[in-house]
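Coordinate analysis (summary)
Here is how the chains run, residue by residue.
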Amino acid sequence: MKVFEKAPAKINLSLDVLHKRQDGYHEVEMVMTMVDLADRIEMQELPRDTIIISSQAGYIPLDEKNLAFQAARLIKDRYDVRQGVYIHLDKKIPVAAGLAGGSSDAAATLRGLNRLWRLNIGSEELQRLGAELGSDVPFCVTGGTAVARGRGEKLEPIESPPQCWVVLAKPPINVSTQEVYGKLDAKAIRRHPSTSGMLAAIREKRFDRMCSELGNVLEEVTFDLYPEVRQLKEVMQRLGADGVLMSGSGPTVFGLVSKESKVARMYNGLRGFCKEVYAVRLLT
Ligand code: ATP
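Residues numbered from 1 in each chain as written. Predicted model: local features only at pLDDT ≥ 70, side-chain atom pairs only at ≥ 80, totals over all residues. Heavy atoms only, no water.

1. Here's the deal with the overall build of the chain
- Across its full length, the chain carries 10 helices and 11 strands.
- The globule rule puts the C-alpha radius of gyration for 284 residues at 19 Å, and the 19 Å found for the chain is close to it.
- Referenced to the eigenvectors of the C-alpha coordinate spread, the extents of the chain come out at roughly 55 × 45 × 35 Å.
- A buried classification covers 57% of the 284 residues belonging to the chain.
- Partitioning the intrachain contacts of the chain with sequence separation of at least 6 by distance along the chain shows that 74% fall at a separation of at least 24.
- Looking at the chain as shown, the accessible area adds up to about 12900 Å², and 47% of this sits on carbon and sulfur atoms. (Helix = DSSP H or I, 4+ residues; strand = E, 2+ residues; numbered from the N terminus. Rg over C-alpha atoms; globule rule 2.2 N^0.38 Å. Buried < 20%, exposed > 50% of the residue type's maximum accessible area, 1.4 Å probe, protein only. Contact = heavy atoms within 4.5 Å. Areas by Shrake-Rupley, 256 points an atom, 1.4 Å probe, with all protein chains shown as cover.)

As structure tokens, then:
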């Protein structure tokens, strides 16, 4: 038996940090949605009780550090599954990019193994399992569009944003999410994005307002560490994106574009600046 799952990339339309908690985590408020740029995960039963990971991408760990491996081990242990699985990750989402590629792979592995092993785990329980693997995993389990609070695990699904093009560019640097959160001084944040403003824009399906409500408090930290990310944002603005934001802790920057005629010009302009550029649609 074999199953396949798609693991799409996530972008934050807004990312706010309210304060640092006593347990060391940050209390966040994020509006998240998915884009049509996805890894493809194949899961196949093995006769031996073991987990094997492979991938065409040479730059991710294939051992217990891989989040798909961790997801498989967690579900096996929790549900006492004595079968093995071979998991192949066809990576399309850039790694350490702020697009939650690893988290989405973990979520897709939970969904896929639930089917492969006929475990009948409900989506809330799958989200709870996901929360043990990482803050972005619960959102990736169900996908769609949602507001995430707490450390990212308290999810409230909302309707889809107005459809548009999303042009993503990743400069050739790897950003550590931990380092960015570590350098963030929550008390010193100068401008908080308006989560309620973004929610209203989505509810009212107002693309222009959605673009003007984009905001991410991690931008300043990543921009200070890597000035080329700020430059990339400026380039996207000059190329005519309707709204531009860094995703997660970066370094990927995305531009929202309503007119298809602008997309090719932006794509080509950005390719002169960095190698990894994608033009996709929102997954609505
Ligand atoms: P987030 O925004 O959730 O922090 P990210 O997009 O910044 O995610 P990932 O692509 O998830 O970052 O990669 C973060 C780290 O996780 C990398 O250092 C990578 O080696 C490791 N990793 C573990 N499993 C995977 C996986 N399945 N795919 C990609 N990276 C993985």
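2. With respect to the domain arrangement of the chain
- Segmentation of the chain into domains returns domain 1 (2-158) and domain 2 (165-281).
- Computed over C-alpha atoms, the centres of domain 1 and domain 2 are 23 Å apart.
- Approximately 2300 Å² of surface area, both sides summed, lies buried where domain 1 meets domain 2, with 66% of it carried by carbon and sulfur atoms.
- For domain 1, the biggest contributors to the area lost against domain 2 are Leu13, Leu15 and Val17; these three give 24% of the whole.
- Linking domain 1 with domain 2 are zero salt bridges.
- There are 10 residue pairs in polar contact (both at pLDDT 80 or more) connecting domain 1 and domain 2.
- Of all elements in the fold, only strand S1 (2-20) and strand S2 (26-46) reach the threshold of two or more residues within the side of domain 1 that touches domain 2. (Domains from an automatic or database assignment. Buried area = accessible area lost by both parts, 1.4 Å probe. Salt bridge = Lys/Arg side-chain N within 4 Å of Asp/Glu carboxyl O. Polar contact = N/O pair within 3.5 Å; in protein donor to acceptor, adjacent residues only side chain to side chain.)

3. Topic: the pairing of strand S9 (residues 243-246)
- Of the two faces of S9, the one lined by Gly243 and Leu245 and the one lined by Val244 and Met246 are each fully buried.
- Bridging between S9 and strand S10 (residues 253-257) involves four bridges; their strand directions are antiparallel. Within the sheet, the bridge partner assigned to Gly243 lies in S10 and is Leu256.
- Where S9 folds back on S10, the antiparallel hairpin that results is connected by six residues, among which Gly248 adopts a positive phi of roughly 55 degrees. (Pairing = 2+ DSSP bridges.)

4. Some thoughts on the site of the ligand
- If you check the shell around the ligand, you find 19 residues, and the closest are Lys91, Ala96, Ala100, Gly102 and Thr177.
- With respect to the ligand, the side chain of Asn66 contributes an N or O atom lying 3.0 Å from a nitrogen atom.
- Here Leu99 contributes a backbone N or O atom positioned 3.0 Å from an oxygen atom of the ligand.
- Computed on the free molecule, the ligand has an accessible area of 610 Å², of which 79% lies beneath the protein chains in the complex. (Near = heavy atom within 4 Å.)

5. Digging into the UniProt feature "domain: GHMP kinase N-terminal" (unreviewed entry) in the chain
- Within this numbering scheme, the UniProt entry marks residues 66-144 as carrying the feature "domain: GHMP kinase N-terminal" (unreviewed entry).
- Spanning residues 66-144, this segment combines 54% helix with 9% strand, and its end C-alpha atoms are found 24 Å apart. (UniProt positions renumbered as here; feature names shortened; annotations may be inferred.)

6. Concerning helix H1 (residues 67-78)
- Taking 1.5 Å as the rise per residue, H1 with 12 residues should run 16 Å; its terminal C-alpha atoms sit 16 Å apart, in good agreement.
- Every buried residue of H1 is listed here: Ala68, Phe69, Ala71, Ala72, Leu74, Ile75 and Lys76.
- Turning to H1, the residues buried within the fold contact strand S3 (51-55), strand S4 (84-90), helix H2 (101-116) and helix H3 (123-131).
- Two to three positions downstream of the cap, the backbone nitrogen of Ala68 sits 2.9 Å from a side-chain oxygen, assigning the N-cap of H1 to Asn66. (Expected span 1.5 Å × (residues − 1).)

7. Some details on the side chain of Glu213
- Structurally, Glu213 is set in the loop between helix H7 (207-212) and strand S8 (215-216).
- Beyond its immediate chain neighbours, meaning those up to four positions away, Glu213 contacts Leu13, Ser194, Gly197 and Met198.

8. Quick look at the nonpolar core
- By size, the foremost hydrophobic cluster in this structure holds 72 residues, and its most contacted members are Val17, Val85, Ile87, Leu110 and Leu270.
- Residue contributions to this core reach at least three from each of two domains, namely domain 1 (2-158) and domain 2 (165-281).
- Every residue in contact with Ile87, bar those within four places of it in the chain, is listed here: Ile41, Glu42, Met43, Ile51, Ile52, Ile53, Ser54, Ala68, Ala72 and Thr109. (Core = buried A, V, L, I, M, F, W, Y, C linked by side-chain atoms within 4.5 Å.)

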